[in-house]
Amino acid sequence: MLKLIRAPQKYVQGRDALKEFYDYAKDYGQRFLFVASASGLKYCKDKIESSFGDSDAYRKYESFSGISSNGEIERISKIVREENIDAIIGLGGGSAIDTAKAVAYYNKKAVIVLPTVVATDAPCTGLSVIYNDDGTFDRYIFYPNNPNMVMVDTAVIASAPARFLKAGIGDALATYYEARLCKSVEAPSLENGGISESALALCKLCRDTIFENGEIAIKSLEKKLVNQAVDKTIEAATYLSGVGADNGGLAAAHSIYNGFTDIPSLDAMHGEVVAFGTIVQLLIEGAPKDELYKVMDFVYKIGLPLTLADMKIKEEELMIGCEKACAEGESIHNHPGQMTPEKLRDFVLTADLLGQKYYADHK
């Protein structure tokens, strides 16, 4: 298997970066469609518009429905065709971004990503997570290229509730551990290539950066502050995690999230579930106790889930999620040996017990 590493063509990050949007985006055309969440329009439109100055470039802002579903992709695609759009811009959270990437792919257009929150590593990845119209996980779409451009305005990220960055840190937490597992068993990356030393180094840097800066970043964002810790954490949760996941691969942590979306009682964000799934994955691997508890310490300090109760999951519904997490084709099967829903349920309940004990010991 040939080693492969991919990344966005451009990655731009900094305070008020959106005020320079057009200077970086004009290489991709003159007719722009923004697939925009409500928060994206509220916090970003004025900055984006100021970047155009006297340019007569065409801009259309289309409100996003809130879910990256097949129906929404087709609705936006129709607008692209009718308006002769050159570039599609995902302006918002992970679902708006995933929708924009899918629309750009199906219509052979450039795609630009402007995240308003850092709750997942969706901005830099060459894939989309697609859901059914009822919100349950449907499939991944894998693209031949990563986004043409990603621009992260740290002032915009700082204006969002800190919970979003917590979730982004949770998603980033899995990056190294999943890549390490994939490399050890020679499983392919998400780009279906061999995992390079460069990719694994990015994944390790992602983990080390959030371990060093994540707690300070969250405390800073709770006060709407932008500082070095915030800047480094945003880059880790966006670029390092996204490029790392693409080129490092997935394992149990993300399969657990995919499965848990079927649990009716679930009330947690993607990255929150992935953080808990990382603990489960370390149990599956039989990771050293010191490593396991270092991760649990970090999860606790950031305020991510350590128990099923933290995610509002009812134990009697757990097998629903475990069965889907172990479906054919899921990345949990990158682990050595056969994983069954029953085995996974036991690992999940073990993680839950450890989490309950952790809380009791840290009262």
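Residues numbered from 1 in each chain as written. Predicted model: local features only at pLDDT ≥ 70, side-chain atom pairs only at ≥ 80, totals over all residues. Heavy atoms only, no water.

## Observations concerning the overall build of the protein
Then, number 1: Within the protein, the secondary structure is distributed over 13 helices and eight strands.
Then, number 2: At 20 Å, the protein has a C-alpha radius of gyration in line with the 21 Å of a compact globule built from 363 residues.
Then, number 3: Expressed along its principal axes, the backbone C-alpha trace of the protein runs to roughly 60 × 40 × 40 Å.
Then, number 4: When each of the 363 residues of the protein is scored for burial, the buried share is 60%.
Then, number 5: Excluding contacts between residues fewer than 6 apart, the proportion of contacts in the protein whose partners are at least 24 apart in sequence is 79%.
Then, number 6: Just so you have it, the protein exposes about 14700 Å², and 49% of that area is on carbon and sulfur atoms. (Helix = DSSP H or I, 4+ residues; strand = E, 2+ residues; numbered from the N terminus. Rg over C-alpha atoms; globule rule 2.2 N^0.38 Å. Buried < 20%, exposed > 50% of the residue type's maximum accessible area, 1.4 Å probe, protein only. Contact = heavy atoms within 4.5 Å. Areas by Shrake-Rupley, 256 points an atom, 1.4 Å probe, with all protein chains shown as cover.)

## Thoughts on the packing of helix 10 (residues 270-285) against helix 13 (residues 341-361)
Between two packed helices, what matters for the description is the angle formed by their axes and the separation of those axes.
Then, number 1: Direction vectors running N to C along helix 10 and helix 13 enclose 115°, while the axes themselves pass 9 Å from each other. By the angle class used here, helix 10 and helix 13 are roughly perpendicular. Between helix 10 and helix 13 lies a crossing whose hand is right-handed. Listed contacts from helix 13 to Phe276, Ile279, Val280, Leu283 and Ile284 of helix 10 are Leu344, Phe347, Val348, Thr350, Ala351, Asp352 and Leu354.
Then, number 2: In terms of residue class, the contact of helix 10 with helix 13 is made up of ten nonpolar, one polar and one charged. (Axes fitted to C-alpha atoms, helices over the stretch in contact; angles between N-to-C directions. Parallel < 35°, antiparallel > 145°, perpendicular 65-115°, else oblique. Left-handed = near helix turned anticlockwise from the far one by under 90°. Nonpolar A, V, L, I, M, F, W, Y, C, P; charged D, E, K, R; others polar.)

## Remarks on the nonpolar core
Then, number 1: Formed by 78 residues in total, the largest nonpolar core has its most connected members in Leu173, Phe260, Leu308, Leu344 and Val348.
Then, number 2: Setting aside its immediate chain neighbours within four residues, Leu308 contacts Phe260, Phe276, Ile313, Leu318, Val348, Leu349 and Asp352.
Then, number 3: Counting 24 residues, the second largest nonpolar core, distinct from the first, contains Ala36, Ala57, Tyr61 and Ala110. (Core = buried A, V, L, I, M, F, W, Y, C linked by side-chain atoms within 4.5 Å.)

## Here we look at helix 7 (residues 197-221)
Then, number 1: Compared with an ideal rise of 1.5 Å per residue, which puts 25 residues at 36 Å, helix 7 spans 33 Å between its outermost C-alpha atoms and is within 8% of the ideal.
Then, number 2: Along its length, helix 7 reaches its greatest deviation from straightness, about 50°, at Asn213. (Expected span 1.5 Å × (residues − 1). Bend = angle between axes of the 7 residues up to and from the residue.)

## Considerations on the side chain of Thr99
Then, number 1: Of note, Thr99 is situated in helix 4 (residues 94-107).
Then, number 2: Accessibility expressed as a relative area gives 0% for Thr99, which makes it buried.
Then, number 3: Polar contacts involving the side chain of Thr99 include one to the main-chain carbonyl oxygen of Ser95, which spans 2.9 Å.
Then, number 4: When sequence neighbours within four positions are dropped, the list of residues in contact with Thr99 reads Phe64, Ile67, Ser68, Glu72, Ile73 and Ile76. (Polar contact = N/O pair within 3.5 Å; in protein donor to acceptor, adjacent residues only side chain to side chain.)

## A few points about unusual backbone geometry
Then, number 1: Phi at Asp16 takes a positive value of approximately 60°, unusual for a residue other than glycine.
Then, number 2: The residue Asp16 is located in the loop between strand 1 (10-14) and helix 1 (21-25) in this model.
Then, number 3: According to the relative accessible area criterion, Asp16 is partly exposed, its value standing at 25%.
Then, number 4: We note that Asn84 has phi near 50°; this positive angle belongs to a residue other than glycine.

## Some remarks on the environment of Glu235
Then, number 1: Mapped onto the secondary structure, Glu235 falls in helix 8 (residues 228-248).
Then, number 2: As a C-alpha pair, Glu235 and Thr209 span 26 residues in sequence and 9.1 Å in three-dimensional space.
Then, number 3: Setting aside residues up to four positions removed in sequence, Glu235 forms contacts with Tyr11, Gln13 and Leu240.

## Examining the environment of Ile284
Then, number 1: Inspection of the secondary structure assignment puts Ile284 in helix 10.
Then, number 2: A sequence separation of 236 residues divides Ile284 from Ile48, and the C-alpha atoms of the two residues are 46 Å apart.

## Here's the deal with helix 9 (residues 252-260)
Then, number 1: Among the nine residues in helix 9, nine count as buried, and that is most of the element.
Then, number 2: Among the residues of helix 9, those classed as buried are Ala252, Ala253, His254, Ser255, Ile256, Tyr257, Asn258, Gly259 and Phe260.
Then, number 3: Looking at the buried residues of helix 9, the elements they touch are strand 6 (127-131), strand 7 (137-142), helix 6 (162-184), helix 10, helix 12 (318-325) and helix 13.

## Focus on the packing of helix 6 against helix 7
Then, number 1: Two numbers describe how helix 6 lies on helix 7: the axes approach to 9 Å, and their chain directions differ by 155°. In this view, helix 6 runs roughly antiparallel relative to helix 7, as classed from their interaxial angle. In the packing of helix 6 onto helix 7, the handedness of the crossing is left-handed. Listed contacts from helix 7 to Ala162, Leu165, Lys166, Ile169, Ala172, Leu173, Thr175, Tyr176, Tyr177, Ala179, Arg180 and Lys183 of helix 6 are Glu197, Leu200, Cys203, Lys204, Cys206, Arg207, Ile210, Phe211, Gly214, Ala217, Ile218 and Leu221.
Then, number 2: Classifying every residue of the contact of helix 6 with helix 7 gives 16 nonpolar, two polar and six charged.

## What to know about the pairing of strand 7
Then, number 1: Sheet topology places strand 6 next to strand 7; five bridges connect them, and they run antiparallel. In the sheet register, Leu127 faces strand 7, and the bridge partner there is Phe142.
Then, number 2: Joining the antiparallel neighbours strand 6 and strand 7 is a turn of five residues, in which Gly135 adopts a positive phi near 95°. (Pairing = 2+ DSSP bridges.)

## Some points on the pattern of salt bridges
Oppositely charged side chains can form a pair if their charged atoms are brought close together.
Then, number 1: Applying the stated criterion across every chain, the model contains 19 salt bridges.
Then, number 2: In this structure, Glu62 engages Arg75 in a salt bridge whose closest nitrogen and oxygen atoms are separated by 2.7 Å. With Glu62 in strand 3 (residues 58-63) and Arg75 in helix 3 (residues 70-83), this residue pair connects regions lying 13 residues apart in the sequence.
Then, number 3: By relative accessible area, Arg75 is classed as partly exposed at 34%.
Then, number 4: With its nearest N and O atoms 2.7 Å apart, the salt bridge here joins Glu272 to Arg163. Here Glu272 is found in helix 10, whereas its partner Arg163 is found in helix 6, with 109 residues between them in sequence.
Then, number 5: Residue Glu272 is classed as buried on the basis of its relative accessible area, which comes to 9%. (Salt bridge = Lys/Arg side-chain N within 4 Å of Asp/Glu carboxyl O.)

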